[in-house]
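Topology and contacts: notes
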Amino acid sequence: MSDATRSEEQPKAGGTSELSTAETVPVVPLSDAVVFPGMMLPLAIGRPESVAAVEAAIRDERPIALLLQRNQEAKAPQPDDLYRIGTLATPLRFVTAPDGGHHLVCQGVTRFRAGAFTHTGGYLTVYAERLSDPSGELGPQLEAQLLALRAQALEGLSLLPQVPEELAAAVRSIREPGALADLIAGYLDIESADKQRILEALDLPTRLAEASRLLEGRLQVLRISSRIRRETQESMGAKQREFILREQLQQIQKELGEGEDAKGAELKELGEAIAKAGMPDAAREQAERELKRLERMPEAAGEYSMVRTYLDWLIEFPWSTETADNYDLAAAREVLDADHFGLDKIKRRIVEFLAVRKRNPEGHAPILCFVGPPGVGKTSLGQSIARAMGRKFERFSLGGTHDEAEIRGHRRTYIGALPGNIVRALKRAGTRNPVLMLDELDKLGVGYQGDPAAALLEVLDPAQNSSFRDTYLDVEVDLSRVIFIGTANVLDQIPGPLRDRLEVIELPGYTQTDKLEIARRYLIVRQREQNGLGEDEIVLPDATLAAIIDGYTREAGVRQLERQIGAVCRAITTRIAEGKPGPYTIRPEDLHEILGARKFEDEMALRTSVPGVATGLAWTPVGGQILFIEAAATPGKGKLHLTGQLGDVMKESVEIAITLIKSRADKLGIDAAKFNERDIHVHVPAGAIPKDGPSAGVAMTTALVSLLTGRRVHADLAMTGEITLRGLVLPVGGIKEKVLAAHTAGIRRVILPARNKKDHEDIPKAAREALEFIWAETLDDVLPAALEPAGGADPA
């Protein structure tokens, strides 16, 4: 057939052909479709071989053999790629579209079994043996299957939307079981392989059973879909019904004169509450405007509840409610002393504020910031301050806060909007002058929602916070009477502008004496009560407490100490509950049974009396600690090895020490040739922990001089300070924490930079009295005090 002829619509020559029992016919392979007898189906014909087969069938007035491919991806299927059972179909219409595509409308006639395949005239032909369904009367089993399948099909049609009535009528009218199964399988949304299985089922009971099984699977999906659709419609209908009923109820109440009375009474109560709330003029005008909006708004409106909630916040906020300050200075001192041991500087500052407030009630409240390691009592101190002043106490943590709205509040346009933490805390307190603690100031985050630290600038500025504007309330709030207390572990992590607004008070770590006194006064009493023990049922002597402090805790605060005391109390409670009554006196030797082996050994025992080892002092966010500097020399070519996870600044300190010692080798009695004949290795133990900073310079220089001269460093001495190439000892930070760490470790003497004498008064009295301080300006002040006299070990 020429292209010109192919572009025209072809008449259905095969519509009148008669099929013999076996005949050779053209083959059209189908990649993903199965045609059943009696089924009319449009097919897209794409392969040239298939186009030629259809044209030959029309020309010779023969049927076409439709066979499903075993492999759908095969582009040029061969006989082995095709199933052996297919459908003989009559081509009804063959159309070539303007875009070159070919479309065939055909109708299935009967099943056939494929015999021999041949290639003829550019297309595939097959010897087709027709397969007919058995005729005759239906047995009881087959009739039952027919009725069950028809019922399933009709149920499926009832669950589908917009089903043609003709299809339902066809299902009801078909009396042949095979024809019904073929009809259902043809319309069923299943895989082609499943349809082929039904096509190959020549036994009628088997065919109906397979069709019924596949139809039941689709019915389950349709039932669930129908239930979901019905529930959705019912839900929408319920909302519409509720709306209509509400409108009817309003009309009924209006006729009875009741509806407006109920709403009017509520609005009247709101108006009276606004008048009694003591709001500033601007806040009262805003509340009255919102109340007028509420009057004009139906209760069913979505915005009604938002406006009502906003008015509740304005009414319940403590605009004018205050607690009277306790100006009895002696009573305030008693409260502070009863709750906390030591902390004299902070107690004095609070008493000073009360004294100033007593003389000038309109003065600004202080904005304090307690900085110190964990467990020293920063948070509990805020509660004591509130109790001493007779004020309410509220706190919220800023750790991890990265949204500015947590401080300023959200805009009312958002669903679930709330005021910020500041306004919420004042509402909880019920007064406008509470003590408000902002915990973990150094752990503020920054996110795409804004910088909460920047939002706090207005809150913590006494010159601005009298007119703080919360985004939710959208009116000015006076925060000038609030005492703000911040807490932090590390001062440097607080942003500079925010730090500038704070009155920083540092809380040092506690000495052994302090911890002993705190445990005796507070911790034992609290743990005894929490664990249900009477005052006479357990006794912890000072020697036992000292053993717990030395052997089971290593901290600047007392948090771990309280846990260990709690463990001892729990052990005694268990014994008493088991019928072994007390009283129990816990001795130091009893601690091993209760708390296990000592967790910390005496730091003095870790020192080795050999040249090349010096004890330094370091600062950490959780307090000070001692640091051992070890140096060793081995035969080599003058290389320097550094280990212990040292930072760049610490590495530079070692290099400065080496250069300084080389420049003073003759004065120190060191053979300069040794520097080229020895490799020097400097190590700082606890190698898994990163270390950095210049304050170990003096200790590293001393350790290297000790190694190269053979003079040991005194075992009871520790040191800190930065060293320079000229041998100057420069000041460093964290003196108070470092000295406390030395005192805790059993050190007797410490070498400190002379320019750090200003920090001497900040050191707790117990540590000052127990330690000997050596103030060094240059290396010449350090070495005579640090090194033992010559004549000991051989130099390296």
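Preceding this section is the structure that the text describes.
In short, a report on the structure.

1. So, the overall build of the chain
Counting its secondary structure elements, the chain contains 29 helices and 24 strands. Scaling as 2.2 N^0.38, a compact globule of 796 residues should have a C-alpha radius of gyration of about 28 Å, whereas the chain reaches 47 Å, well beyond that. Structurally, the chain occupies a C-alpha span of about 125 × 100 × 70 Å along its principal axes. Restricting to contacts in the chain with at least 6 residues of sequence separation, those with at least 24 account for 73%. Of the roughly 39,500 Å² that the chain leaves accessible, carbon and sulfur atoms contribute 50%. Charge centroids of the chain, computed over 98 positive and 116 negative side chains, lie 4 Å from each other.

2. Quick look at the side chain of arginine 749
With respect to the helices and strands, arginine 749 occurs in strand β23 (residues 749-753). No salt bridge forms around the buried arginine 749; measuring N to O, its nearest opposite-charge neighbour aspartate 716 is 4.1 Å away. Within polar-contact distance, the side chain of arginine 749 engages the backbone oxygen of alanine 785 at 3.3 Å. If near-sequence neighbours (up to four positions away) are discounted, arginine 749 is found in contact with His714, Asp716, Leu717, Ala718, Glu772, Ile774 and Ala785.

3. Let's talk about the packing of helix α11 (residues 329-339) against helix α13 (residues 378-389)
Packing of α11 against α13 leaves a shortest axis separation of 8 Å and a crossing angle of 155°. Between α11 and α13, the angle falls in the class roughly antiparallel. Once α11 is placed against α13, the crossing between them reads as right-handed. Residues Ala332, Val335, Leu336 and Asp339 of α11 form the contact with α13, whose participating residues are Ser384, Ile385, Arg387 and Ala388. Residues of the contact of α11 with α13, tallied by class, amount to 5 nonpolar, 1 polar and 2 charged.

4. Here's the deal with empty space enclosed by the protein
In this structure the tally under the stated criterion is 4 cavities of 30 Å³ or more. Computed from the structure, the second largest cavity encloses a volume of approximately 50 Å³. Taken together, Leu30, Ala33, Val34, Val35, Leu66, Leu67, Leu68, Ile85, Gly86, Thr87, Gln196 and Leu199 make up the full set of residues lining the second largest cavity. Elements with a contribution of two residues or more to the lining of the second largest cavity: β3 (64-68), β4 (85-96) and α6 (192-200).

5. Remarks on the sheet that holds strand β7 (residues 367-371)
Ordered in space as β8-β9-β12-β7-β13, the 5 strands form an open sheet in which the pairing is parallel. At either margin of the open sheet sits one strand with a lone partner, and together these are β8 (393-397) and β13 (503-506). Strand-to-strand twist of the sheet, defined as the mean angle between neighbouring strand axes without regard to direction, takes the value 20°. As paired strands, β7 and strand β12 (residues 483-488) are joined by 5 bridges and run parallel to one another. Its bridge partner being in β12, valine 371 is matched across the sheet by alanine 488. The strands touched by helix α15 (residues 421-429) are β8, β9 (435-439) and β12; relative to β8, the strand with the most contacts, the crossing angle is about 150°.

6. Comments concerning helix α4 (residues 165-173)
Inspection of α4 places Leu167, Ala168 and Val171 among the buried residues, and these make up the whole buried set. Along α4, the residues classed as buried sweep out an arc of 100° about the axis, all on the same side. Those residues of α4 that are exposed and aimed more than 90 degrees away from the buried face are Glu165 and Glu166. Packed against the buried residues of α4 are α3 (140-159) and α5 (177-187).

7. Concerning the pattern of salt bridges
With the rule as written, the count across this model stands at 45 salt bridges. For arginine 428, the salt bridge is made with glutamate 394, and the minimal N-O distance between the two is 3.1 Å. In this pair, arginine 428 sits in helix α15 while glutamate 394 sits in strand β8, placing the two residues 34 residues apart along the sequence. The exposure class assigned to arginine 428 is partly exposed, which follows from its relative accessible area of 47%.

8. Quick word on the packing of helix α18 (residues 512-530) against helix α19 (residues 542-552)
Running from N to C, α18 and α19 point in directions that differ by 115°, and their axes come no closer than 10 Å. In the packing of α18 onto α19, the handedness of the crossing is right-handed. Judged by residue contacts, Gln512, Lys515, Leu516, Ala519, Arg520 and Ile524 of α18 engage Asp542, Leu545, Ala546, Ile549 and Asp550 from α19. Class assignment of the residues belonging to the contact of α18 with α19 gives a composition of 6 nonpolar, 1 polar and 4 charged.

9. Description of the packing of aromatic side chains
Per the counting criterion, the structure on display carries 3 aromatic pairs. A centroid spacing of 5.9 Å and a plane angle of 15° characterise the contact between phenylalanine 773 and tryptophan 775, whose relative ring orientation is stacked. The residue whose ring lies beneath arginine 70 is tyrosine 83, and the NZ or CZ to ring-centre distance is 4.6 Å. Lying across the ring of tryptophan 313, lysine 427 places its NZ or CZ 3.9 Å from the centre.

10. Regarding the environment of leucine 311
If you trace the backbone, leucine 311 turns up in helix α10 (residues 302-316). Residues leucine 311 and glutamate 288, spaced 23 residues apart in sequence, show a C-alpha to C-alpha distance of 9.1 Å. Not counting the four nearest positions on each side in its chain, leucine 311 is found in contact with Leu270, Ile274, Ala287, Glu290, Leu291 and Leu294.

11. Some remarks on the pairing of strand β2 (residues 40-45)
Only one face of β2 is covered, namely the face carrying Leu41, Leu43 and Ile45; the face carrying Met40, Pro42 and Ala44 is uncovered. Direction of pairing for β2 relative to strand β5 (residues 102-120): antiparallel, over a ladder of 6 bridges. By the bridge assignment, proline 42 is partnered in β5 with valine 105.

12. Considering helix α2 (residues 48-59)
Residue pairs spaced three or four apart in an α-helix point in one direction, given the helix's 3.6 residues per turn. An ideal rise of 1.5 Å per residue puts 16 Å on 12 residues; α2 measures up with 16 Å between its terminal C-alpha atoms. Taken residue by residue, α2 has Ser50, Val51, Ala53, Val54, Glu55, Ala56, Ala57 and Ile58 as its buried positions. Backbone geometry just downstream of α2 places glutamate 61 in the positive-phi region, at approximately 55°.

13. Topic: the side chain of histidine 743
Locating histidine 743 in the fold gives a position in helix α27 (residues 735-744). What makes histidine 743 buried here is its relative accessible area of 16%. If near-sequence neighbours (up to four positions away) are discounted, histidine 743 is found in contact with Thr511, Ala766, Ala767, Ala770 and Leu771.

14. Some points on a negative patch on the surface
A cluster of acidic residues, Asp648, Glu652, Glu655 and Asp692, forms a negative patch on the protein surface. Take aspartate 692: it is sitting in the loop between β19 (678-683) and α26 (697-709).

15. Notes on unusual backbone geometry
Even without a glycine there, the phi angle at glutamate 61 is positive, about 55°. The class for glutamate 61 is partly exposed, based on a relative accessible area of 44%. Although it is not a glycine, aspartate 474 sits at a positive phi angle of roughly 60°. Residue placement: aspartate 474 occurs in the loop between β10 (468-469) and β11 (476-477). Owing to a relative accessible area of 39%, aspartate 474 belongs among the partly exposed residues under this scheme.

16. Side note on the environment of glutamate 589
By secondary structure assignment, the location of glutamate 589 is in the loop between β15 (584-585) and α21 (591-595). C-alpha separation for the pair glutamate 589 and threonine 544, spaced 45 residues apart in sequence, amounts to 8.4 Å.

Cut-off values and rules
Residues numbered from 1 in each chain as written. Predicted model: local features only at pLDDT ≥ 70, side-chain atom pairs only at ≥ 80, totals over all residues. Heavy atoms only, no water. Helix = DSSP H or I, 4+ residues; strand = E, 2+ residues; numbered from the N terminus. Rg over C-alpha atoms; globule rule 2.2 N^0.38 Å. Contact = heavy atoms within 4.5 Å. Areas by Shrake-Rupley, 256 points an atom, 1.4 Å probe, with all protein chains shown as cover. Lys, Arg positive; Asp, Glu negative; His and termini not counted. Charge placed at Lys NZ, Arg CZ, Asp CG, Glu CD. Buried < 20%, exposed > 50% of the residue type's maximum accessible area, 1.4 Å probe, protein only. Salt bridge = Lys/Arg side-chain N within 4 Å of Asp/Glu carboxyl O. Polar contact = N/O pair within 3.5 Å; in protein donor to acceptor, adjacent residues only side chain to side chain. Axes fitted to C-alpha atoms, helices over the stretch in contact; angles between N-to-C directions. Parallel < 35°, antiparallel > 145°, perpendicular 65-115°, else oblique. Left-handed = near helix turned anticlockwise from the far one by under 90°. Nonpolar A, V, L, I, M, F, W, Y, C, P; charged D, E, K, R; others polar. 1 Å grid on protein atoms, 1.4 Å probe; cavity = no way out; pocket = protein on both sides within 12 Å on 5 of 7 lines; lining within 4 Å. Points joined across faces, edges and corners; volume = space filled by probe spheres on them. Pairing = 2+ DSSP bridges. Arc of directions from axis to C-beta. Phe/Tyr/Trp six-rings, centres within 6.5 Å; stacked < 30°, edge-to-face > 60°. Lys NZ or Arg CZ within 6 Å of the ring centre and 35° of its normal. Expected span 1.5 Å × (residues − 1). Patch = residues over 30% accessible without salt bridge, like charges linked within 9 Å, V, L, I, M, F, W, Y side chains within 5 Å.

Honestly, that's just the spatial picture; any functional story needs more than this.
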